[in-house]
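Each chain is listed here by its residues.
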Amino acid sequence: MDAHELITRNAAEVVTEAEIEALADDPDGKRAYVGYEPSGVLHIGHMLTANKLIDLQEAGFEVTVLLADVHAYLNDKGSFEEIRHTAERMRDQFIAYGLDESNTQFVLGSDFQLDDDYTLDLHALELETTLARAERAMAEITSSDSVKVSQAVYPLMQALDIPYLGVDLAVGGMEQRKVHMLARDVLPSIDREPPTSLHTPLIADLGTGRGKMSSSEGVTISMEDSRDDIESKVNDAYCPPTADPDPTEDGETRENPVLQVFEYHVFPRFDTVRVERPEEYGGDLTYESYDALEADLESGELHPADAKGALAEYLDRLIAPGREQLAE
C-alpha cells in the first residue's frame, strides 16, 4: 500500500480529502494523535483507533497518544492519583498491542493543560463558543442526561489540545466528529490552523448488531478477557449470513458486528486468515482479503459458526500480549 492507502484504510471519513492528500505526499515526520481518557483496560474501541495509529506509523507518521487525565477528572472518573495510575497501565497495554514504542510519544494532559498560556487560550475559546454549541459537541461522548459545566469545557480543551500537541492529524472515532468540527470553527479565532481529522467507524453492539459497541453497556471485548471469554462472547454474537442485515421491526438499522471486527481489526493486522473446518464440511478456508471472506459468507460457502470460530482465534492472538502484560 502507498501512504494514502495506509492513511485512509478503513476510515469512515477524512476532513478534508485535499488536506489528507497533502499529508500523504510527504508523510515522513508528520505527527498524528489520538486522545484517550484513562479507563484502565483497553477494549475493542481503543484497539480500533490503535489499528489506525499502526497504519499511520507504517506510512511514516510519528504518533502521539494523549492520556487525558485532566479530561477524565472533568468527566468525574476519579481522583488525579487514581487516573494517573490508570494512565500508566494503559500506556503499557498500547505498546503490548502493537504500537511502535520508539515512534510513539505518550503525553499526560496535565503536562501542558494546566499552564498559563493554555488556560488563557481556553478562556479565549470560551468567549467564542455558545453553551449550546459546546453541549452539541459533547453529546456523543457523555452518557449523562445533564451536562455539567466541566463537560461543556471538555470539547474546547479537546480542540485546543491539537495545536498545543503540535500535530498534523487528529484521529478519533466517529463520535469525535462534532468535536473536530468545533475545532475547525473556533481555532482560527485564536490564530490557530483548523485541524485535519480522520474518523474511524463505529462497531455495532456485538449481541444485537444495533447502535454501537460500548464498554459501559451491552457486550464488549477487552484485554482482560481470557480465551474462553472471547470465544463465549463471539459465539453469542449477532451474525446473520450477510453484511447487510434487515432492520429491526422498529426500523432500526443493524450491522453484522462479526464482519465488522474482521474488517476493522483482523485483516489490518494479519496478511491471511484461516478458517478451520472439518473435511466433511469442505476443509479449511484461507482468505487474503476481507472482501473474499464477506463474499463467502453471503454465498453460503462460509457458515457463520465457522466465521465466529476463526474470529475468536484471531482476536485472542491480538489481545494475548496485552492480557499477559496485565497479568504481570
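The chain goes by Tyrosine--tRNA ligase in an unreviewed UniProt entry, where it is assigned to Halorubrum laminariae. Check the Subunit (unreviewed entry) section of the UniProt entry for the chain; it says "Homodimer." Under the Subcellular location (unreviewed entry) heading, UniProt states for the chain: "Cytoplasm".

Draft legend 1. Region of the structure containing the nonpolar core. In this structure, Val-65, Phe-94, Leu-169 and Phe-262 are the most contacted members of the largest nonpolar core, which totals 66 residues. Built from parts of two domains, this core gets at least three residues from each of domain 1 (3-200) and domain 2 (227-327).

Draft legend 2. Quick peek at the environment of Glu-88. When you line up the elements, Glu-88 lands in helix H5 (residues 80-97). Residues Glu-88 and Asp-250 lie 162 residues apart in sequence; the distance between their C-alpha atoms is 44 Å.

Draft legend 3. A look at the domain arrangement of the chain. Segmentation of the chain into domains returns domain 1 (3-200) and domain 2 (227-327). Its C-alpha centre places domain 1 at a distance of 29 Å from the equivalent point of domain 2. Facing the 14 residues of domain 1 at the interface are twelve residues of domain 2. Approximately 1,200 Å² of surface area, both sides summed, lies buried where domain 1 meets domain 2, with 60% of it carried by carbon and sulfur atoms. Where domain 1 touches domain 2, the interface holds zero salt bridges. Looking at the side of domain 1 that touches domain 2, the elements with two or more residues in it are helix H3 (44-59) and H5. For the side of domain 1 that touches domain 2, the per-class residue count stands at seven nonpolar, four polar and three charged.

Draft legend 4. Broad picture of the pattern of salt bridges. If you walk through the whole model with that rule in mind, you get 22 salt bridges. Asp-55 is the salt-bridge partner of Lys-52, the closest N and O atoms lying 3.1 Å from each other. Placement of the pair is Lys-52 and Asp-55 together in helix H3, with a separation of three residues, close to one helical turn. In terms of burial, Lys-52 and Asp-55 fall into one category: buried. Salt bridges here are not isolated pairs; linked through shared partners, they connect Arg-227, Glu-231, Glu-313, Asp-316, Arg-317 and Arg-323.

Analysis parameters
Here the residue numbering is sequential within each chain, running from 1 through the sequence in written order. With pLDDT at 70 or above as the cut-off, local features in this predicted model cover only qualifying residues; side-chain atom pairs require 80 or more to be listed or tallied, and sums for whole chains, interfaces and linings still use all residues. Side-chain numbers here rest on the full set of heavy atoms in the structure, without hydrogens or water. UniProt positions are given in the numbering used here, feature names are shortened, and annotations may be inferred rather than shown by experiment. Buried Ala, Val, Leu, Ile, Met, Phe, Trp, Tyr and Cys residues that are joined via side-chain atoms within 4.5 Å together make up what is termed a nonpolar core. With a 1.4 Å probe rolled over the protein chains alone, any residue whose accessible area is under 20% of its type maximum counts as buried; one over 50% counts as exposed, and the rest are partly exposed. Note that the domain bounds reflect an automated or database-derived domain assignment. The numbering of helices and of strands both runs from the N terminus, where a helix is a DSSP run of H or I of at least 4 residues and a strand a run of E of at least 2. Here, two residues are considered to be in contact whenever any of their heavy atoms come within 4.5 Å of each other. As a working definition, buried area equals the accessible area (1.4 Å probe) given up by two parts on being put together, with both sides summed. The salt bridge definition used is simple: a Lys or Arg side-chain nitrogen within 4 Å of an Asp or Glu carboxyl oxygen. Classes in brief: Ala, Val, Leu, Ile, Met, Phe, Trp, Tyr, Cys and Pro nonpolar; Asp, Glu, Lys and Arg charged; the others, Gly included, polar.

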